[in-house]
Amino acid sequence: MNTIAVIGAGTMGNGIAHVFAQNGYQVNLVDISQSSLDTGINTITKNLDRMLTKERIRASDKQNTLNKINTYTELNKGVENVDLVVEAATENLEIKLGLFKQLDEICHANTILATNTSSISITQIGAATERADKVIGMHFMNPVPIMKLVEIIRGYSTSEEVTSIIMELSKKLGKTPTEVNDYPGFVANRILMPMINEAIETLYNSVAGVNEIDTVMKLGMAHPMGPLQLADFIGLDVCLSILNVMYNGFKNPKYAPCPLLVNMVMAGKLGVKSGEGFYNYSESRKAYKVASQFS
């Protein structure tokens with residue numbers, strides 16, 4: 001496996017492209033927006049500069065990594081003759097189904113199609129193609145260059161061979177692949193999202209404020225980041241989407257999103273990406289508590 005296409009140049013996509021390129025793979029980074037591609041490459045460059053400053057890589061490593069990445073705004077050009085596609089587009093079922101149908105038609109027969117979805121059914125995505133045996137989940141954690149875990153999710157029809165290939169490939173990236181089965185939320189988000197949702201419920205019910213809730217979890221449970229701040233970094237819209245997938249998938253009220261989360265997303269308060277969520281990020285990257293009713 002030599003050439004990888006990564007679909008989507010956002011936070012996850014540029015991180016995935018970075019990791020593959022740094023480990024010697026030729027990467028085609030694809031996005032419909034040239035400005036998104038430019039931003040993605042700029043992010044990769046900054047992350048490499050940070051690694052260079054910390055003496056984790058050499059200047060030649062940085063340049064070699066950037067030289068391994070080509071950018072494309074046309075899907076057919078970006079994915080032709082690649083061995084693996086890793087989709088990291090918006091966490092939206094209809095978008096993913098349409099994209100995988102296109103990929104199935106464009107890519108050569110042996111290309112493996114992976115998705116970085118954090119909750120959507122691999123089986124359902126695979127069913128949109130004529131190669132369900134070659135469709136698999138490859139769920140990286142954010143920030144991709146730092147986090148070791150990759151959830152490898154087998155759909156109902158994913159073959160043993162493809163699973164083994166992706167498990168070994170993940171190890172070559174310096175990651176720790178963990179195989180899980182295809183159920184809503186997989187493992188990481190099935191456990192994480194109810195905790196975040198409960199933290200939001202705790203705030204919604206005025207049990208404690210934003211800082212207080214996060215402080216309890218950081219100091220009392222040894223979490224590196226409180227659940228509300230973590231939700232801001234993940235994106236409140238993403239959290240809501242994942243909870244909805246689990247709620248619809250299991251029909252269990254324990255996964256129902258908190259009304260406060262729903263309202264914040266409707267109001268455009270999405271966390272770091274919008275400059276404001278449970279904390280305010282408009283002036284600096286440091287998190288500041290927002291509205292007084294949450295204190």
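Because the structure is a prediction, the values reported are computed rather than measured.

### With respect to the overall build of the protein chain
Next, step 1: Counting its regular elements, the protein chain contains 12 helices and 10 strands.
Next, step 2: Along the first, second and third principal axes, the C-alpha atoms of the protein chain reach 55 × 45 × 30 Å.
Next, step 3: Taking the contacts inside the protein chain whose residues are at least 6 apart along the sequence as the reference set, 64% of them involve residues at least 24 apart.
Next, step 4: Accessible area for the protein chain stands at about 14200 Å²; split by element, carbon and sulfur atoms hold 50% of it.

### A word on the UniProt feature "domain: 3-hydroxyacyl-CoA dehydrogenase C-terminal" (unreviewed entry) in the protein chain
Next, step 1: In this numbering, the UniProt entry assigns the feature "domain: 3-hydroxyacyl-CoA dehydrogenase C-terminal" (unreviewed entry) to residues 185-281.
Next, step 2: The distance from the first to the last C-alpha atom of residues 185-281 is 28 Å, and the span holds 62% helix and 2% strand.

### Observations concerning the layout of surface pockets
Next, step 1: Empty space within the second largest pocket amounts to approximately 160 Å³.
Next, step 2: In this structure, the second largest pocket is lined by His18, Val19, Gln22, Asn23, Met51, Pro145, Ile146, Lys148, Leu173, Gly174 and Lys175.
Next, step 3: Considering every element that reaches the lining of the second largest pocket, the biggest residue donor is helix 1 (residues 11-22), with 3 residues.

### Structural notes on the nonpolar core
Next, step 1: Of all hydrophobic cores here, the largest spans 34 residues; its most connected members are Ile16, Phe20, Leu84, Val86, Met138, Phe140 and Ile166.
Next, step 2: The element contributing the most residues to this core is helix 1, with 6 residues.

### A look at a positive patch on the surface
Next, step 1: A contiguous patch of positive charge, built from Lys46, Arg50, Lys54 and Arg56, is present on the exposed surface.
Next, step 2: By the secondary structure assignment, lysine 54 is in the loop between helix 2 (34-53) and helix 3 (59-67).

### Some thoughts on the packing of helix 1 against helix 2
Next, step 1: Packing of helix 1 against helix 2 leaves a shortest axis separation of 9 Å and a crossing angle of 55°. Considered as vectors, helix 1 and helix 2 are oriented oblique to each other. Read as a crossing pair, helix 1 and helix 2 show a hand that is right-handed. Together, Asn14, Ala17, His18 and Gln22 of helix 1 and Gly40, Thr43, Ile44, Asn47, Leu48 and Met51 of helix 2 make up the contact between the two elements.
Next, step 2: Split into classes, the residues belonging to the contact of helix 1 with helix 2 amount to 4 nonpolar, 6 polar and no charged.

Quick notes on the rules
- Residues numbered from 1 in each chain as written.
- Predicted model: local features only at pLDDT ≥ 70, side-chain atom pairs only at ≥ 80, totals over all residues.
- Heavy atoms only, no water.
- Helix = DSSP H or I, 4+ residues; strand = E, 2+ residues; numbered from the N terminus.
- Contact = heavy atoms within 4.5 Å.
- Areas by Shrake-Rupley, 256 points an atom, 1.4 Å probe, with all protein chains shown as cover.
- UniProt positions renumbered as here; feature names shortened; annotations may be inferred.
- 1 Å grid on protein atoms, 1.4 Å probe; cavity = no way out; pocket = protein on both sides within 12 Å on 5 of 7 lines; lining within 4 Å.
- Points joined across faces, edges and corners; volume = space filled by probe spheres on them.
- Core = buried A, V, L, I, M, F, W, Y, C linked by side-chain atoms within 4.5 Å.
- Buried < 20%, exposed > 50% of the residue type's maximum accessible area, 1.4 Å probe, protein only.
- Patch = residues over 30% accessible without salt bridge, like charges linked within 9 Å, V, L, I, M, F, W, Y side chains within 5 Å.
- Salt bridge = Lys/Arg side-chain N within 4 Å of Asp/Glu carboxyl O.
- Lys, Arg positive; Asp, Glu negative; His and termini not counted.
- Charge placed at Lys NZ, Arg CZ, Asp CG, Glu CD.
- Axes fitted to C-alpha atoms, helices over the stretch in contact; angles between N-to-C directions.
- Parallel < 35°, antiparallel > 145°, perpendicular 65-115°, else oblique.
- Left-handed = near helix turned anticlockwise from the far one by under 90°.
- Nonpolar A, V, L, I, M, F, W, Y, C, P; charged D, E, K, R; others polar.

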